[in-house]
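# Descriptive analysis of the structure
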Amino acid sequence: MGSLEPNYVFAPKIHEEAYVSGHHEGHSLNVQVVCDPDLLILNINAKWPGARHDAHIWANSAVRSTMKRHFDNGDRRTWLLGDDGYPLEPWLMTPIKNQHLGTPERRYTDAHGSARNTIERCFGVLKSVFRCLSHQRQLMYEPYTAGLIVNACAVLHNMRVKYRLMEPYVTTYTEIIADSYNDDYLEDTERVTGTGRAVAERIQRRLINTAYT
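An unreviewed UniProt entry annotates the chain as (apollo) hypothetical protein of Parnassius apollo. Under the UniProt heading Cofactor (unreviewed entry), the entry covering the chain gives this text: "a divalent metal cation".

The following block contains the structure:
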């Protein structure tokens, strides 16, 4: 399962207002990344300025178009996980905020957060190995070149994952949440009809009822 989360790298002052995100002191790119449970980067988008909202980047991403196409073609067992800065969609599950302890919704949200933690670990590994991406450094290049550097770091990171060159403290996971769902659930979701958020809410509710009640 992929996890989706933006991250920031510093960029020089070009079209200044677009690159000041408010999250950091300086100018930045907003980098959208999808990784799997083993921290392998499946997709990276480093072309957007730091002030651009995460949901806007997602709405205009090739990943979203691909996920939607797979869903429209009948795939009901593939989701990405995003935080609450992203919209709930049939192919993108988000947490449910402010739920009480012990409720199915809270158990779902806790499991969601644990699974999505892989993207935080992925960013941690990237920044610890490729120090040019660290908050203590600044990429002294125009945004396009800075984006290429980010992409190159992602390629090298994937080589380290593939050839098992990760440090011992980095734990990898191969468990997929979907393994906990039974065939009855899958058959039921295949009959889901409608579009937009209503469908996403029904899918989310079925996930909760199947795995967390």
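With that settled, consider the pairing of strand 2 (residues 28-35). Taken across its 8 residues, strand 2 has 8 buried, putting it largely inside the fold. Taking every second residue as pointing to the same face, both faces of strand 2 are buried, with Ser28, Asn30, Gln32 and Val34 on one and Leu29, Val31, Val33 and Cys35 on the other. The sheet contact formed by strand 2 and strand 3 (residues 41-49) spans 6 bridges and is antiparallel. Directly across from Val34, in strand 3, lies its bridge partner Asn43. Counting the residues between successive antiparallel strands, the hairpin from strand 2 to strand 3 contains 5 residues, one of them, Leu39, with a positive phi of roughly 75°.

Even without being glycine, Leu39 reaches a positive phi, approximately 75°. You can see Leu39 is positioned in the loop between strand 2 and strand 3. Positive phi is not limited to glycine here, since Asn98 has a value of about 60°. Mapped onto the elements of the fold, Asn98 is located in the loop between strand 5 (92-93) and helix 4 (104-129).

What follows deals with a nonpolar patch on the surface. Taken together, the side chains of Val155, Leu156, Met159, Tyr163 and Leu165 make up a nonpolar region of the molecular surface, amounting to roughly 510 Å² of accessible area. Its location among the elements puts Tyr163 in the loop between helix 5 (143-162) and helix 6 (183-189). Classification of Tyr163 as exposed rests on a relative accessible area of 52%.

With respect to the helices and strands, Pro104 occurs in helix 4. Sequence separation between Pro104 and Asn209 is 105 residues; the distance between their C-alpha atoms is 7.5 Å. In contact with Pro104, not counting residues within four places along its chain, are Ile208, Tyr212 and Thr213.

Before going further, it helps to spend a moment on the environment of Gly50. Looking at the element boundaries, Gly50 is found in the loop between strand 3 and helix 2 (54-59). Gly50 gets classed as buried once you look at its relative accessible area, which sits at 4%. In the structure, Gly50 is positioned 20 residues away from Asn30 in sequence and 4.4 Å away in space, judged by C-alpha atoms.

Attention now moves to the pattern of salt bridges. Scanning all chains against the criterion turns up 7 salt bridges. As a salt-bridge pair, Glu89 and Arg64 come within 2.6 Å of each other at their nearest N and O atoms. Residue Glu89 is found in the loop between strand 4 (80-82) and strand 5, and its partner Arg64 is found in helix 3 (residues 62-72); the two are separated by 25 residues along the sequence. Its salt-bridge partner being Glu201, residue Arg197 comes within 2.9 Å of it at the nearest N-O pair. Separated by 4 residues within a single helix, Arg197 and Glu201 lie in helix 7 (residues 196-211), roughly one turn from each other.

This part takes up the packing of helix 4 against helix 5. The geometry of helix 4 relative to helix 5 is characterised by a closest axis approach of 11 Å and an angle of 105° between their N-to-C directions. One finds that helix 4 runs roughly perpendicular with respect to helix 5. Judged by residue contacts, Cys122, Val125, Leu126 and Val129 of helix 4 engage Cys153, His157 and Arg160 from helix 5. Here the residues of the contact of helix 4 with helix 5 sort into 5 nonpolar, 1 polar and 1 charged.

What follows covers the packing of aromatic side chains. Under the defined criterion, the tally for this structure stands at 2 aromatic pairs. Here Tyr108 and Tyr212 contribute two aromatic rings whose centre-to-centre distance is 6.1 Å and whose plane-to-plane angle is 70°, an arrangement assigned as edge-to-face. Highlighted residues: Tyr108 in helix 4 and Tyr212 in the segment after helix 7, separated in sequence by 104 residues. One exposure class covers both Tyr108 and Tyr212, and it is buried. Residue placement shows Arg76 over the ring face of Phe71; its charged tip is 3.9 Å from the ring centre.

Rules used in this analysis
- Residue indices begin from 1 for each chain and proceed along its sequence in written order.
- Local features in this predicted model are restricted to residues whose pLDDT is 70 or higher, and side-chain atom pairs enter the listing and the counts only when it is 80 or higher, whereas totals over whole chains, interfaces and linings include all residues.
- With hydrogens and water set aside, each side-chain value is computed from the structure's full complement of heavy atoms.
- UniProt positions are given in the numbering used here, feature names are shortened, and annotations may be inferred rather than shown by experiment.
- Throughout, exposure labels follow a simple rule: accessible area from a 1.4 Å probe, protein chains only, divided by the maximum for the residue type, with under 20% read as buried, over 50% as exposed, and the rest as partly exposed.
- Helical segments are the DSSP runs of H or I of at least four residues, strand segments are the runs of E of at least two, and each set is numbered from the N terminus.
- Only strands that DSSP links by at least two bridges are regarded as paired with each other.
- Exposure above 30% relative accessible area and the lack of any salt bridge qualify a residue for a patch; like charges then connect within 9 Å, and the nonpolar side chains Val, Leu, Ile, Met, Phe, Trp and Tyr within 5 Å.
- The protein chains shown are the only cover counted for residues, whose accessible areas, like all others here, come from Shrake-Rupley with a 1.4 Å probe.
- Counted as salt bridges are all cases of a side-chain nitrogen of Lys or Arg within 4 Å of a carboxyl oxygen of Asp or Glu.
- By definition, residues are in contact when any of their heavy atoms lie within 4.5 Å.
- Fitting a line to C-alpha atoms yields each axis, with helices limited to the stretch in contact; the angle taken between N-to-C directions then spans 0 to 180 degrees.
- These descriptions rest on fixed angle ranges, namely under 35 degrees for roughly parallel, over 145 for roughly antiparallel, 65 to 115 for roughly perpendicular, and the rest for oblique.
- Any residue outside Ala, Val, Leu, Ile, Met, Phe, Trp, Tyr, Cys, Pro, Asp, Glu, Lys and Arg is labelled polar, Gly included; the first ten of those are nonpolar and the last four are charged.
- Here a Phe, Tyr or Trp ring, Trp counted by its six-membered ring, pairs with any other such ring whose centre lies within 6.5 Å, and the pair is stacked when the planes are under 30 degrees apart, edge-to-face when over 60, and tilted otherwise.
- Each ring is checked for a lysine NZ or an arginine CZ that lies within 6 Å of its centre and within 35 degrees of its normal; such an atom marks a charge sitting over the ring.

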